[in-house]
Structure formats: structure tokens, C-alpha cells
Amino acid sequence: MDTGKELLFFFSALGAFNGIILGVYFFFFTKKKYLTNYFLGALLFALSVRIGKSVFVYFDPTLPKMYLQFGLTACFFIGPCLYYFLRSAVEEINVMPKSWKISLLFWGIVIVTVGILYPYEDYPKLWGRSIIKIIYFQWFVYIVFSGYTIRTILKKIIDPRQKTNPAEVWFGMLFLGNFLLFLFYFLSIMGAPGATYISGAVVFSFILYLIISILLYRKKTDDLFLLNNQKYSGKKIDSAEAKVLSEKLEKIMSDKSLYKNPNLSLQDLSQELTISSHQLSQFLNNNLGKNFTSFINEFRINEACKIITSNDKLTLESIGYDVGFNSKSTFFAAFKKHTGTTPLNYQLQALQT
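Note that the structure is a prediction, hence the values are computed from the model and not measured.

A. Here's a closer look at the confidence of the model for the protein. Confidence along the protein averages 78 in pLDDT terms, with 76% of residues attaining 70 or more. Considering each helix and strand of the protein separately, the mean pLDDT is smallest for helix α9 (residues 199-217), with a value of 61, and largest for helix α5 (residues 98-117), with 91. When the criterion is pLDDT under 50, residues 229-234 qualifies, and its contacts beyond four places in sequence or with other chains add up to 11 contacts.

B. Quick peek at the side chain of lysine 156. Its location among the elements puts lysine 156 in helix α7 (residues 151-158). Residue lysine 156 is classed as buried on the basis of its relative accessible area of 14%. Look past the residues within four positions of lysine 156 in its chain and what remains in contact with it is Gln162, Lys163, Thr164, Glu168 and His278.

C. Molecular detail of the environment of phenylalanine 182. Looking at the element boundaries, phenylalanine 182 is found in helix α8 (residues 166-189). Taking the C-alpha atoms as reference points, phenylalanine 182 and glycine 79, 103 residues apart in sequence, are found 9.7 Å from one another. Setting aside anything within four residues of it in sequence, one finds phenylalanine 182 in contact with Tyr136, Trp139, Phe140 and Ile143.

D. Region of interest: the packing of α7 against α8. For the pair α7 and α8, the least separation of the axes is 10 Å and the interaxial angle reads 100 degrees. On the basis of their axis angle, the class for α7 and α8 is roughly perpendicular. Note on element contacts: α8 touches α7 through Glu168, Gly172 and Phe175, opposite Ile153, Leu154, Lys156 and Ile157.

E. Structural view of the nonpolar core. Among the nonpolar cores identified, the biggest contains 49 residues, and Leu40, Phe85, Ile135 and Trp139 are the most heavily contacted of them. Mapped onto this core, the elements with two or more residues apiece are α1 (3-28), α2 (35-59), α3 (65-75), α4 (78-90), α5, α6 (124-149), α7 and α8. When near neighbours in sequence (up to four residues on either side) are disregarded, tryptophan 139 contacts Cys75, Ile78, Gly79, Asn178, Leu181, Phe182 and Tyr185. Core analysis: the second largest hydrophobic core is formed by 18 residues, Ile252, Met253, Leu258 and Phe295 among them.

F. Representation of unusual backbone geometry. Even without being a glycine, serine 257 presents a positive backbone phi close to 50 degrees. If you trace the backbone, serine 257 turns up in the loop between α10 (239-256) and α11 (266-273).

G. Broad picture of the side chain of threonine 149. Structurally, threonine 149 is set in helix α6. For threonine 149, the contacting residues outside a window of four places in its chain are Tyr83, Leu86, Arg87, Val90 and Gln267.

Reading the values: the criteria
Residue indices begin from 1 for each chain and proceed along its sequence in written order. Local features in this predicted model are restricted to residues whose pLDDT is 70 or higher, and side-chain atom pairs enter the listing and the counts only when it is 80 or higher, whereas totals over whole chains, interfaces and linings include all residues. Only hydrogens and water are removed before side-chain values are computed, so all heavy atoms of the structure are retained for them. Per-residue confidence from the predictor is reported as pLDDT, a score between 0 and 100. Strands here are runs of E lasting at least two residues and helices are runs of H or I lasting at least four, both read from the DSSP assignment and numbered beginning at the N terminus. The criterion used for residue contact is that any of the two residues' heavy atoms lie within 4.5 Å. Any residue under 20% of the maximum accessible area for its type is buried, any over 50% is exposed, and the rest in between are partly exposed; the area is computed with a 1.4 Å probe on protein chains only. To get an axis, a line is fitted to the C-alpha atoms, and for a helix only the part in contact is used. The angle between two axes follows their N-to-C directions and goes from 0 to 180 degrees. The scheme is simple: roughly parallel for angles under 35 degrees, roughly antiparallel for over 145, roughly perpendicular for 65 to 115, oblique for anything else. Residues belong to one nonpolar core when they are buried, are Ala, Val, Leu, Ile, Met, Phe, Trp, Tyr or Cys, and are joined through side-chain atoms within 4.5 Å.

What follows is the structure, given as C-alpha cells:
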């Protein structure tokens, strides 16, 4: 290995190693535990495993096929982690929805089952011709979903006339970095001129060091994990505008029962109000002192209380789903938070009166 290749190997391998360290940091050592932290940590870990495989196989093609299989398995989780990372930030989700858990479990079962039944060592042609195409197609689909999730941010970044804040630049950079990684790997697999297999590892290393530089440079990083949280530095909407918005919001929520939609997002509600998601987030956080999830859950809990007191034939779990919660545990936790008691105790008290 000549000096140039040695430097390339060192730089790329160090990037993969640092990615794992940074992923562990986001999982266990950040002061505030946001759902975005965990998905960013998982994303960096999956990327690091994928990059590490590329680096070692590129410089030593004789390595056992199990390393290839391990790297491609990790690749199967890059797209979902990126998508859920961005959605949890944009929609201020801090409790993982049941649908996300099912999705991740499904992909895990699929790739592990395929790996056990058709190991790369015994079926190299199947992996090289078919499975790798499925993996990259899944990754591409999630990149499209991710781009759609932050489409407003991407438009602002592209348009030089619009100003972007640090959080928007941060999320836009992470998305574009992942898109470039996918593009380099895809072009390399397709045999495009000038696209080498190691280029993805180099791009990842540059992106990773850029992330580390931002984290070290900024004294405050909370605004980099919740896109809408504290965006307006505590500034309230003036009282006249807030009153109109409050009445309109209350009417829409009551008339259309939007809270019953378990997938209702901040963007969905802002579109109903014909205002930006930033304005709605500002109003909820600074005027009402609530985040989006707490605001919606209040409507759900109030509706649940009405159903519990008027109908004793429905199960508590079914009531939770009827009012918009996507899991029993989330419903019970939110109910106790807002009422100070459990749904069962509330039901028993209602029956005694």
C-alpha cells in the first residue's frame, strides 16, 4: 500500500470509528434526551458500520464475505433512521409511535431472516444481483420520504432570498450529506465513470468532521435537535393576533376532531390554519406554554374522559385508539400526566358517582 492509499485508508477508517463514538454520545451522553438524539445516534452507527465495511473491503478484497453481509445489513437501517430522525424533529415527536417500532422491527426481521437463510458466503450472486438492489431501492425510497418531510427547509436553503436559521441549515446539511453518500455508492455500484467505491467513505468522513466542528463550536446545541422548539427566543405573538388564532384553533380542533388522527403533525395542523408551522409552533410554545404533542393530547384526553363517563362497555385501550393515540402505553402515560390519575381509576370514580 503506497503513502496515498495509507492516508486515504487512515482518514476513512478514522471517520468510521469517530462516527461510532459520536453515535454512542448521542445515545447516552447528551444532557437532554430527545427522540432525535437517538435516531441520529442510530443513523451514525449504521453509516459507520457501512462505511467501515467499504473501507476494509476496498483495501483488502480477500476479507471474508461475512463483512460484506454485515455492512449491507447496516445499510438497510440508514434510510429509516434518517427519515424518523427528520420527522421526529420537524413534528416535535419525543415518544416513538407504535408504527415506527413496527416498521423498524419489520426491516430487522426481514434482513436478519434473509441473512440466515441466504448468507452472502453461500449466495454471493443472489446478494450481488438482487438483494443489494432491494437494499439500495429501500434506501432511496426513504431518502425521498425524508426530502418530502423537510421540503420547506430545502426550498429555503436553495432560494438565496430566504434566510435560514442554524437548525434548518443543520437538518438540511444532514439530509444532503446522506443523499450524497447514497449517490456516490449507487454510482459506484452502477460502474459510473469516475465513481469509486471508497468515495462514499471519504464523503462521510468530511460530513462527520463538519458535524463535530459544529457541535464543538456552538455553546448551545438544543436548537439543533428540535427544529421548531425555542425558535423564537420566547417572543410571544401579540394579544390580538393570539386571541384570533386561539379561537380559530379551538374551532378547527373541535369541529373537525383533528386530534383523532394518530398521525396528525404540526405541518398538517398549520395547513388547516393557513399559517406556517413556525408560526403555530411559536404560538403553542410561547403563548400557550405547550409543545405540539401536549396540546393535541389535551384534546384527546378530554374526549377520552367524556367517553369513559358515558360508556362503560368500551375497553380503555379501545378508547385510547378512538381518540387518536397509537399505543396503549402512550395513552395511559398521557392520561395520567394530564389528569393526575390512571384511566382505570378515573373509570372507577366515574362509575361510583
